[in-house]
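Breakdown of the fold
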Amino acid sequence: MKDGHRILLASLTVVALIGWLWAGSAFWQYKSLRTQLRTLQDQNNETRKLLERAKEQRERYEQLVQELGKPLADFDPGLMTAKLMEQVEGAMAQSKIKPETIQPLPWQINSELRAARLSVQVSATTTQKSIPECLQGLTELLMRLRSMRPPILVERLNIQAISQPQQGLRVQAQLVWLVPVEDAVLKKWAAQPRRPTLRR
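In this report, we go over the structure that sits alongside the text. (Residues numbered from 1 in each chain as written. Predicted model: local features only at pLDDT ≥ 70, side-chain atom pairs only at ≥ 80, totals over all residues. Heavy atoms only, no water.)

**Observations regarding the environment of Glu155**
The residue Glu155 is located in strand β3 (residues 152–162) in this model. The class for Glu155 is partly exposed, based on a relative accessible area of 41%. C-alpha separation for the pair Glu155 and Ala173, spaced 18 residues apart in sequence, amounts to 7.3 Å. Among residues more than four places away in sequence, those in contact with Glu155 are Arg117, Gln174 and Val176. A distance of 2.4 Å separates the side chain of Glu155 from the side chain of Arg117, its partner in a polar contact. (Helix = DSSP H or I, 4+ residues; strand = E, 2+ residues; numbered from the N terminus. Buried < 20%, exposed > 50% of the residue type's maximum accessible area, 1.4 Å probe, protein only. Contact = heavy atoms within 4.5 Å. Polar contact = N/O pair within 3.5 Å; in protein donor to acceptor, adjacent residues only side chain to side chain.)

Rendered as structure tokens:
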């Protein structure tokens, strides 16, 4: 009987040891799985944030494209300067403002804004019969410039009242056109000198 008890006791001990080892193994496996799950959750949260950020950037890009126009794959400074001057002259004619001079300034490539910066120096006089009408015409001009795609921005503006040849306003302004360009254009023109291309 004593041998039988020893065998039984030994068997129970072995079973208990196996059970303890199995329980310990299951616990560590569970803990490992929990750690892996937490890691995956953190990665999933980070991925979701990146996707949300990418979506916001895409929406912002689409807004900018809608406002500024699609980035140019081929940039010709001469043609773009001529187009800028043509649009300025057209806006002035619609607003009954007579241009005296439209002088192009050196253009630049702005890598940070990813755009070509074209600008002109303008001197002009109003043609309306009264100062209130002159101010209205000037306001219309600024609104027309701002509504263009890309918008033409007023960087500097000086207004003087004149009495000859008739009562009105003389306007001097520096107008800036930021035209979005693609990476290939940035690389091509970034290191090249800038010079005005036209003068009127």
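**Notes on the side chain of Ser123**
Note that Ser123 resides in strand β2 (residues 115–126). Residue class for Ser123 comes out buried when judged on its relative accessible area of 11%. In contact with Ser123, other than residues within four places in its own chain, are Pro99, Glu100, Thr101, Val171 and Gln172.

**Notes on the sheet that holds strand β1 (residues 97–110)**
Spatially, four strands are ordered β1-β2-β4-β3 in an open sheet, and the strand pairing comes out antiparallel. In this open sheet, the two strands that pair with only one neighbour each are β1 and β3. This sheet shows a mean twist of 10° between the axes of neighbouring strands, independent of strand direction. Pairing of β1 with β2, which is carried by eleven bridges, proceeds in the antiparallel orientation. In the sheet register, Ile102 faces β2, and the bridge partner there is Val122. Here helix α2 (residues 77–94) sits on the sheet and contacts β1, β2, β3 and β4 (168–180); the angle it forms with β2, its principal contact strand, is near 35°. Across the face of the sheet, helix α3 (residues 131–147) comes into contact with β1, β2, β3 and β4 while running at roughly 5° to β4. (Pairing = 2+ DSSP bridges. Axes fitted to C-alpha atoms, helices over the stretch in contact; angles between N-to-C directions.)

**A look at the packing of aromatic side chains**
Tallied over the full model, the rule gives one aromatic pair. Ring centres of Phe75 and Trp107 lie 5.5 Å apart, and the angle between their planes is 65°; this geometry places the pair in the edge-to-face category. Remark: Trp107 occurs in strand β1 and Phe75 occurs in the loop between α1 (2–68) and α2; sequence separation between them is 32 residues. (Phe/Tyr/Trp six-rings, centres within 6.5 Å; stacked < 30°, edge-to-face > 60°.)

By themselves, these observations are geometric and do not establish any function.
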